Each structure stands twice: as C-alpha cells, then as structure tokens.
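Below are the chains, spelled out letter by letter.
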Amino acid sequence: MAQEKKLVEAITSMSEDFAQWYTDVVVKADLIAYSSVKGCMIIKPDGYAIWENIQHELDRRFKATGVQNVYMPMFIPESLLQVEKDHVEGFAPEVAWVTHGGLNPLQERLCVRPTSETLFCDFYKDIIHSHRDLPKVYNQWCSVVRWEKETRPFLRSREFLWQEGHTAHATAEDAEERTVQMLNLYADFCEEVLAMPVVRGQKTEKEKFAGAEATYTIEALMHDGKALQSGTSHNFGQNFSKPFGIQYTDKNNQLQYVHQTSWGMTTRLIGAIIMVHGDDSGLVLPPRIAPTQVIVIPIQQKKEGVLEKAAEVCERLGKTMRAKLDDSDKSPGWKFSEAEMRGIPVRVELGPKDIEAGKCVLVRRDTREKIECSLDEVETKVAELLETIQKEMFERAKAHRDSHIFDAHNYAEFTEIANNKPGFIRAMWCGDEACENKIKEDLAVTSRCMPFNDQEQISDVCACCGKPAKKLVYWGKAY
RNA sequence: CGGGGUGUGGCUCAGUUUGGCUAGAGCACCUGGUUUGGGACCAGGGGGUCGCAGGUUCGAAUCCUGUCACCCCGACCA
C-alpha cells in the first residue's frame, strides 16, 4: 500500500510525517473540530457515529455478561478522592478543580472526575450489606477530565468519552474472573469489530493503575510501530474496600471486605482505528464500525434517469446495511476522494453506461480494487464484499503487527532494535523495576505487558541486567 | 511546568524588518451558465474594527508595554 499513487494532496503522507498525517486524517475525514479550549475537541457527526457504533456493540456485549448501567455525578469532593493513597497520588497532578459555586468559594473544593473509583466505592459502602447483595456489576458511559499538558485528538484530550465498569465481589476468585473476562471481552471486540489485533497481558508493577493490585491490558501496534494501550481491566483486590469500608456479612455471619475490579475503554479507540488501518488517502474503516458502509456515487447525474437509478440502488442496499447516496453537485472525482478520506469501505459507481448494461462498479476502499457487478445482485455482492474487507483488514493488520515483533536476547540487541526497528520488542525480564527505568531512560521504551498467551522462554537471563529472568515482556515506544 | 514559534475574512498565508493611498492573494462560500468514469471551467458577488488592552505618533496590522490563546519540542498520562 505504501507505493500507491497519492490521490489526495491535502493529506501529508505517512512516511513523510506520521504525526502530521494523523492530524490531517482526523480533520479531512471530518471526525472532529478543534474547540476554543485546548485539548477539548468537538466530535463531529462522522466521528461521533463511530463512537456510537463502538458504544452499541460494547454495551451489547457487556449486558450479555450481566453488566448494568448507572450514572454517577461528575464531581468528587476532595476528601473522597483522598481516601485511597496511591490513587490520589496517581491522579492529583492532572485533575481539574471546581472552587466556586456561582460567586462564592466552596467550603470544600470539588474535582471533576478523572475516573470514578472513589464515587463507586462511596456508593457501594452504603448499598452492600450482605453476600446476597453481591456481585455488583455496574458500568457507566460518561466523559472524564484529565488536565493533560500535551494533547492530541482522540489519543490524549483533556476531556474524553469512555465507559468505566466498577464491580464488587464476595471473593478474590470472583473478582479475578471478572477482570480476565472483561479483558477478553475487550480483546475480542477489538479483533472482531475493529479488525485490530491486540496482545493481551499484565502490566508490570511500575505501569499498573494507581491503587490496583493487578492491571491487565490489551496492547495494539500502530502503523508507525508505536504501541497503544487500547483497553484495561484492573483487579483491586481489597485495596479500595478497606479504606472505604465496603463490607458485607457472609454466610457464616462474618464481616468481609469486598473484592473489586474496574475496566475501561475510551474514544482513544478511534485514534487506534485511524493509526492501524489508515493510509495516505485518509481513513480506512472496518465495515462493522463504519457509520456509512457503502456510498453510491452517480456519474453524470444530470442525465435522464441516472440519479433515480442511483437512489433506487441505495435504497435497496439500505435495507440490509448502512448505505448513503452522494447526490451533491460536486464532480465524481471529488466524491471519490471524499469517500476515500472518510474511509467508507465500499463505493458503488453508477453512470449511464452502467445503467444501459445493467451493472455497476464496486470499489473497495482498503485495496482500491474495482469490481464489476450486475445490478440484480448488488445487495449480495456488497454484503459479501463487506465481510471480505472486514476479514482481510484484520489479516493485514495482524501480518503487519507480527512482522514488527523482534526478539532481543541481550542489551546490545535490545538497543539495536529500539533504535532501528519500530515495533514490539520481545525480551526476558528479571522483574526488577530498575531495569524498566534504565530501559526507559536509555531508549524511551517502556514495558507494555507480560503477555498471557506468549511466555516462551527465549533466554534464561534478563535482557537488561543479565540476572535470572522471570517473565517474557513486550516492550515498545508508546502513545 | 521549562524552551521555541504563531495570532490578519471560514481555512492557508502575504504584508510587519524600514509606520503612510481604499488591507491583499489562493482555497472555501453565494448567483448564473457550461461540465461530470479520480479533487472541472467561465462570469459576477458577499465577507476582515489585522487575538485583546493600554501606550507612542499628524498617522499603527506594522513600533513599545502588558495580557490571552493556540501550535511545536522536552518531563507526566487512557
């Protein structure tokens, strides 16, 4: 795909400047507009429709596992935020504070939620009394605020949309099971719906969530070889239930602290879709998430009957998929580019010559392949094509990911790869945070995760210090 | 938060060094016409108190002071 002729001049090519390419795509695909507050973006209809599709599908999958949705307040009293020590320390540098109500200073300042663990805990301590009240498997869809210093659309904004699940369980086993279940749900969602392969694994102590006992993550590889954390699931054990006093009476009439989890996915996923699938002509959307799956573009639309036929084809397609007709008075070339920048998976070209011959031309966004298709079978052909595109997009992304995983057996190899080969580095680790710090300082590479499904012993010693190795770790430069 | 940069129609910018006619261009927008298989063309038209507040001056987009915002590069983050 890298060699293909560049058809859209408005987008910087990926190889020239990946960061600029990303920004160009976000803007040209009409996903967002910048707002008057730094780091806060206006999500436009095409961007928001992607989020809505993500939301619908995730929510459906959540509910199939017993999740119930709630809504919590957006303000957290300072005293509440401070109950769990690691948690405050983790978030304090980036919270926004409300200090006044109208003209009067507040007696206690309120933080705009950066995440809602503390609110859920404060709530759970009141509603959980008996083992019969457990488990609680609540989730909320909302926005959160983190006062980031450097911001980028979707990847790092000061306000972003997400879902946060917060659960309380009777036993450690139940909590662990839920933590893993949600991580797998996320991973399956990314692979099946977003066509984005992910590595499932556990974060190291250094990288885990503030206040968690264990943090599990899915890590995806972007086109430029950088990693993006695409979802997380945390097991809190009793780290929150103890300071918050969330206790229940068990079957033996003993008081017990609950075991908790939390898990989240954000609008950052849209950034991931862009950077995993996009090309120099713009966005490439996986069919299952695309707001418009097929666009019908009439050629010489002012000729007798063309627009009518195009509208008819669009209406037929619209019965089984998300179809749109571009009947604006732009030139066809314009419409092609527009459809491409927006990443619409399939376009149907239909002109007088086609109509006469009873056919149309289907064009794949991902490969630009043109396919002649009889008008009689356009619904089935397009439906099949969408399936094919979905499948092949995943395979291509996986092939790219797999070809950018490199093994390092010692520090010389590690350094060489980090400096010259963008991608994941697979290397053994002794378990000592000092090695993580050294690697980060020397090479700007961080530990992404200790993968669940890949614990091959590629060496007996830590690639950094040479001491006996404990774990295989995926390392990488991250967003 | 530290270093650097930029603010001029919706967008990208010229003009600022060396103050001086009615503040310009391209794109976008509106109207009419010709076009239409990879970002068409012609003609006409609308839109800017030059980020904001002071100051210097006969005169400020241009000089001075302050201030705000945004962008880029570093330390923290889904």
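Owing to the predicted nature of the structure, the values given are computational and were not obtained by experimental measurement. (Residues numbered from 1 in each chain as written. Chains lettered and ligands numbered in written order. Predicted model: local features only at pLDDT ≥ 70, side-chain atom pairs only at ≥ 80, totals over all residues.)

Examining the sheet that holds strand E8 (residues 159-169)
What counts is decided by this rule: DSSP bridges decide pairing: two strands pair if at least two such bridges lie between them. The helix and strand labels rest on DSSP assignments: H or I over at least four residues marks a helix, E over at least two residues marks a strand, and numbering proceeds from the N terminus. Think of it this way: build a C-beta for each residue from its backbone, and any pair within 7 Å is a contact. Note on definitions: angles span 0 to 180 degrees between N-to-C directions of axes, and those axes are lines fitted to C-alpha atoms, for helices only across the stretch in contact.
Taken together, 11 strands build an open sheet; the order of strands is E3-E7-E8-E14-E11-E10-E9-E22-E23-E21-E20 and the sheet is mixed. Among the strands making up the open sheet, the edge pair consists of strand E3 (68-69) and strand E20 (405-408). In this structure, E20 lies alongside strand E21 (residues 424-429), joined through 4 bridges in parallel fashion. When the bridges of E21 are listed, isoleucine 405 appears paired with phenylalanine 424. Packing of helix H5 (residues 117-127) onto the sheet brings it into contact with strand E7 (136-145), E8 and strand E14 (259-266), and relative to E8 it is tilted by some 35°.

Focus on the UniProt feature "coiled-coil region" (unreviewed entry) in chain A
As a reminder, the rule being used: UniProt positions are given in the numbering used here, feature names are shortened, and annotations may be inferred rather than shown by experiment.
The positions UniProt marks with the feature "coiled-coil region" (unreviewed entry) are residues 368-395. End C-alpha atoms of residues 368-395 are separated by 17 Å, and the span's content is 64% helix alongside 18% strand.

Focus: unusual backbone geometry
Cis geometry is found at the peptide bond from leucine 134 to proline 135, where omega equals -5°. Inspection of the secondary structure assignment puts proline 135 in the loop between H5 and E7. At aspartate 30, a position not held by glycine, the phi torsion is positive, near 65°. Inspection of the secondary structure assignment puts aspartate 30 in the loop between helix H1 (18-28) and strand E1 (32-34). Positive phi values are uncommon outside glycine, yet asparagine 253 reaches one of about 65°. Examined against the element boundaries, asparagine 253 turns out to sit in the loop between strand E12 (247-249) and strand E13 (255-257).

Quick word on the UniProt feature "domain: Aminoacyl-transfer RNA synthetases class-II family profile" (unreviewed entry) in chain A
Under the present numbering, the feature "domain: Aminoacyl-transfer RNA synthetases class-II family profile" (unreviewed entry) in UniProt falls on residues 45-286. The span residues 45-286 carries 32% helix and 32% strand; its end-to-end C-alpha distance comes to 18 Å.

Considering the packing of helix H9 (residues 306-318) against helix H12 (residues 378-402)
Threshold: Orientation is classified from the angle alone, with under 35 degrees giving roughly parallel, over 145 giving roughly antiparallel, 65 to 115 giving roughly perpendicular, and any other angle giving oblique. What makes a crossing left-handed is the near helix being turned counterclockwise from the far one by less than a right angle; a clockwise turn instead makes it right-handed.
Interhelical geometry of H9 versus H12 gives an angle of 55° and a closest axis separation of 9 Å. In terms of axis orientation, H9 runs oblique to H12. Like other packed secondary-structure pairs, H9 and H12 cross with a definite hand, here right-handed. Along its contact with H9, which presents Val313, Arg316 and Leu317, the element H12 presents Val378, Glu379 and Val382.

A closer look at the protein's contact with RNA strand B
This is how it is decided: By definition, a residue lies near a molecule or strand when the C-beta atom built from its backbone is within 6 Å of it. Following the grouping adopted for this structure description, the nonpolar residues are Ala, Val, Leu, Ile, Met, Phe, Trp, Tyr, Cys and Pro, the charged ones are Asp, Glu, Lys and Arg, and the polar ones are all others, Gly among them.
Surrounding RNA strand B, one finds 44 residues, the nearest of these being Lys38, Lys302, Gly333, Glu349 and Gly351. At the level of secondary structure, the elements contributing two or more residues to the surface near RNA strand B comprise strand E11 (227-237), helix H10 (332-341), helix H11 (352-357) and strand E18 (359-364). Along the lines of polarity and charge, the residues of the surface near RNA strand B split into 16 nonpolar, 12 polar and 16 charged.

With respect to the domain arrangement of chain A
The following threshold applies: Note that the domain bounds reflect an automated or database-derived domain assignment.
When its domains are assigned, chain A resolves into domain 1 (18-277), domain 2 (294-385) and domain 3 (405-476). Here domain 1 and domain 2 have C-alpha centroids that lie 40 Å from each other.

A closer look at the sheet that holds strand E5 (residues 96-101)
Within the open sheet, the 3 strands sit side by side as E4-E6-E5. Their pairing is antiparallel. Either end of the sheet is taken by a strand with one partner, and the two such strands are strand E4 (75-77) and E5. Strand-to-strand twist of the sheet, defined as the mean angle between neighbouring strand axes without regard to direction, takes the value 45°.

A look at the pairing of E8
Quick note on the threshold: Exposure classes come from backbone-placed C-beta atoms, where a residue is buried if 20 or more other C-beta atoms lie within 10 Å of its own, exposed if 12 or fewer do, and partly exposed in between.
Among the 11 residues of E8, 8 are classified as buried, and the element is accordingly described as predominantly covered. The pairing of E7 with E8 spans 10 bridges and is classified as antiparallel. Bridging from a neighbouring strand, lysine 136 pairs with alanine 168 of E8. Pairing of E8 with E14, which is carried by 8 bridges, proceeds in the antiparallel orientation. From the neighbouring strand, alanine 168 faces E14, where its bridge partner is glutamine 260.

Concerning the confidence of the model for chain A
Our working rule: As a per-residue quantity, pLDDT reports the predictor's confidence and falls between 0 and 100.
Considering every residue of chain A, the mean pLDDT works out to 93; 98% of them sit at 70 or more. This model gives residues 1-6 a pLDDT under 50, and the stretch forms 4 contacts once residues within four places in sequence are excluded. Interface confidence in the predicted complex, given as ipTM, is 0.82; pTM for the same model is 0.94.

Structural notes on helix H6 (residues 172-192)
Since the α-helix packs 3.6 residues into each turn, any two residues three or four apart lie on the same face. The test is simple: The length a helix should cover is 1.5 Å for every residue beyond the first.
Taking 1.5 Å as the rise per residue, H6 with 21 residues should run 30 Å; its terminal C-alpha atoms sit 30 Å apart, in good agreement. Within H6, burial applies to Ala175, Arg178, Thr179, Met182, Leu183, Leu185, Tyr186, Ala187, Phe189 and Cys190. Along its buried surface, H6 packs onto helix H2 (45-64), E8, strand E9 (199-202), strand E10 (214-221), E11 and E14.

A short note on the environment of glutamine 68
Here glutamine 68 is to be found in strand E3. Spatially, the C-alpha atom of glutamine 68 lies 6.1 Å from that of asparagine 139, the residues being 71 residues apart in sequence. Beyond its immediate sequence surroundings of up to four residues, glutamine 68 is in contact with Val137 and Tyr138.

As for the environment of histidine 131
Summarising the element assignment, histidine 131 is placed in the loop between H5 and E7. A sequence separation of 37 residues divides histidine 131 from alanine 168, and the C-alpha atoms of the two residues are 11 Å apart. For histidine 131, the contacting residues outside a window of four places in its chain are Ala170, Tyr248, Thr249, Asp250 and Lys251.

Observations regarding helix H13 (residues 411-420)
Stated formally: The arc in question is traced by the directions running from the helix axis to the C-beta atoms.
Considered for burial, the residues of H13 that qualify are Phe414, Ile417 and Ala418. Buried positions in H13, seen along its axis, are confined to an arc of 100° and lie on one side of it. Residues of H13 that are exposed and point over 90 degrees away from its buried face: Ala412, Asn419 and Asn420. At its buried positions, H13 is contacted by E20, E21 and helix H14 (433-443).

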